[in-house]
Amino acid sequence: METMICEKDRIEEAIDKIVKRTMQMDLSWNWQCGVAYYGICRAYEATKKQEYIDLLKNRIDEYIELGLPEKWTVNSCAMGHCLITLYDLTGEEKYRNLIMSKIDYLRHEALRFGDHVLQHTVSAKNDFPEQCWADTLFMAAYLMLRVGVKEKDEELINDALNQYYWHIQYLQNKDTGLWYHGYNNLTKDHMSAVHWGRANAWAAYTMSRVGDILPESYLYPQYMDVSGSLDELLTALKYYQTEQGLWRTVLDDEESYEEVSASCGIAAAMAVKGNVFHKKYVYKALEGVMANINENGKVMNVSAGTAVMRDKAAYREISRDWIQGWGQGLALAFLSQALKMQ
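What this report covers is the structure whose coordinates are included nearby. (Residues numbered from 1 in each chain as written. Predicted model: local features only at pLDDT ≥ 70, side-chain atom pairs only at ≥ 80, totals over all residues. Heavy atoms only, no water.)

**Thoughts on the overall build of the protein chain**
Link 1 in the chain: Of regular secondary structure, the protein chain possesses 13 helices and 6 strands.
Link 2 in the chain: Relative to the 2.2 N^0.38 estimate, which gives 20 Å for 342 residues, the radius of gyration of the protein chain is 19 Å and therefore close to what a compact globule would have.
Link 3 in the chain: Overall, the protein chain is about 55 × 45 × 40 Å in size when its C-alpha atoms are taken along their principal axes.
Link 4 in the chain: Looking at the protein chain residue by residue over its 342 residues, the buried ones come to 59%.
Link 5 in the chain: Partitioning the contacts of the protein chain with sequence separation of at least 6, the portion at a separation of at least 24 is 71%.
Link 6 in the chain: Split by element, the accessible area of the protein chain, about 14,100 Å² in all, is 48% carbon and sulfur. (Helix = DSSP H or I, 4+ residues; strand = E, 2+ residues; numbered from the N terminus. Rg over C-alpha atoms; globule rule 2.2 N^0.38 Å. Buried < 20%, exposed > 50% of the residue type's maximum accessible area, 1.4 Å probe, protein only. Contact = heavy atoms within 4.5 Å. Areas by Shrake-Rupley, 256 points an atom, 1.4 Å probe, with all protein chains shown as cover.)

Quick look at the structure:
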């Protein structure tokens, strides 16, 4: 029992440092901010520290006062996650209105291809024509599912599950269980065909959450694909964990560096899924991640924003020197889930 209490205190201390360092960052209203603040919401759920929500509310209200982007993108929809928490806790309609404006964009304006699949967008331009990226699952599909469940909107729930289904079809390597970073529907290929670590984290983490938040998930046929895909992915991922408890930026490339945001997302997925055979990998990851949080709350060794690169060598060269919102947020998501395990 003493060990568990000590571990709990250690995790709570790390969470507190990360939250406070994250709130010192001048993040724009975009995906890096969306992932960071999602992590803070998860930290609040795990610790019930009101100060986390107060800090977040003050920052979001400041954003609103200063002015928000005129056009949404798939990436900027990630900010909807923290708005859900703020609306749930305060009941203030301004947060719900922003959530629903993002949902309206995803339903009616966001670029799609094929079987109504969301094209990944990072700006108002047509950046990546008919490209499907694993990132979209966190930024958009997971948000659509959360809102669909809260609003009891079956059409939205089914649209979200459709995104999961087709991302699985396009991106999962059925031979290995791992996910590719992206798929190009125009050329019908995976471009560089790299099993990028953070792409696998986006897939694993968001799929692990579907069963948690979707009531009677077994009544939705496409959920069976989500569940099956997740099981195969997590089974595959455990073999790529390093001795330090982490995963590499290119999972199956021993020349690639260990990358902490991917490691957090993957370990968080294992923790949420709760398979007893994965516990040892979760605890090993916990040690590896804790070793990469400095005294100021910066999560270290997090790769910068990464497009679908030309080859493995290019992924190896992505900088990991700077603090990143997605690194902070995914670390908080993992540590918050680990805290619940304690």
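**Some remarks on the layout of surface pockets**
Link 1 in the chain: One number sums up the size of the largest pocket: a volume of about 210 Å³.
Link 2 in the chain: Contributing to the lining of the largest pocket are 15 residues, with Glu-45, Ile-84, Asp-88, Arg-146 and Lys-150 lying nearest its centre.
Link 3 in the chain: Of all the secondary-structure elements, those providing two or more residues to the lining of the largest pocket are helix H2 (31-47), helix H4 (80-90), helix H6 (135-151) and helix H8 (197-213).
Link 4 in the chain: Among the elements that take part in the lining of the largest pocket, H2 stands out by supplying 5 residues, more than any other.
Link 5 in the chain: Taken together, the residues of the lining of the largest pocket break down into 8 nonpolar, 1 polar and 6 charged. (1 Å grid on protein atoms, 1.4 Å probe; cavity = no way out; pocket = protein on both sides within 12 Å on 5 of 7 lines; lining within 4 Å. Points joined across faces, edges and corners; volume = space filled by probe spheres on them. Nonpolar A, V, L, I, M, F, W, Y, C, P; charged D, E, K, R; others polar.)

**A closer look at the pattern of salt bridges**
Link 1 in the chain: All told, the structure shown has 23 salt bridges when counted by the stated rule.
Link 2 in the chain: Measuring nitrogen to oxygen at the nearest pair gives 2.7 Å for the salt bridge that ties Glu-45 to Arg-42. With Glu-45 and Arg-42 both in helix H2 and 3 residues apart, this pair spans about one turn of that helix.
Link 3 in the chain: When its relative accessible area of 27% is taken as the criterion, Glu-45 is described as partly exposed.
Link 4 in the chain: Take Arg-42: its relative accessible area is 5%, and that puts it in the buried class.
Link 5 in the chain: Asp-153 serves as the salt-bridge partner of Arg-107, at 2.7 Å between the closest nitrogen and oxygen. (Salt bridge = Lys/Arg side-chain N within 4 Å of Asp/Glu carboxyl O.)

**Some words on the environment of Val-282**
Link 1 in the chain: Structurally, the position occupied by Val-282 is in helix H11 (residues 279-290).
Link 2 in the chain: Separated by 13 residues in the primary sequence, Val-282 and Ala-269 place their C-alpha atoms 9.2 Å from one another.
Link 3 in the chain: Residue contacts for Val-282: discarding those within four places in its chain leaves Ala-267, Met-270, Ala-271, Phe-334 and Met-341.

**Quick word on helix H13 (residues 325-341)**
Link 1 in the chain: Taking 1.5 Å per residue, 17 residues should reach 24 Å; H13 reaches 24 Å between its end C-alpha atoms and fits that length.
Link 2 in the chain: Taking burial as the measure, the 17 residues of H13 include 15 buried ones, the bulk of the element. (Expected span 1.5 Å × (residues − 1).)

**Points about the nonpolar core**
Link 1 in the chain: Counting 122 residues, the largest nonpolar core has Tyr-37, Ile-60, Leu-106, Leu-237, Phe-334 and Leu-335 as its most contacted members.
Link 2 in the chain: For this core, the element with the highest residue contribution is H6, accounting for 11 residues.
Link 3 in the chain: What Leu-106 contacts, discounting residues up to four positions off in sequence, is Val-74, Cys-77, Arg-112, Leu-118, Ala-140 and Met-144. (Core = buried A, V, L, I, M, F, W, Y, C linked by side-chain atoms within 4.5 Å.)

Everything listed is a geometric property; what it means functionally is a separate question.
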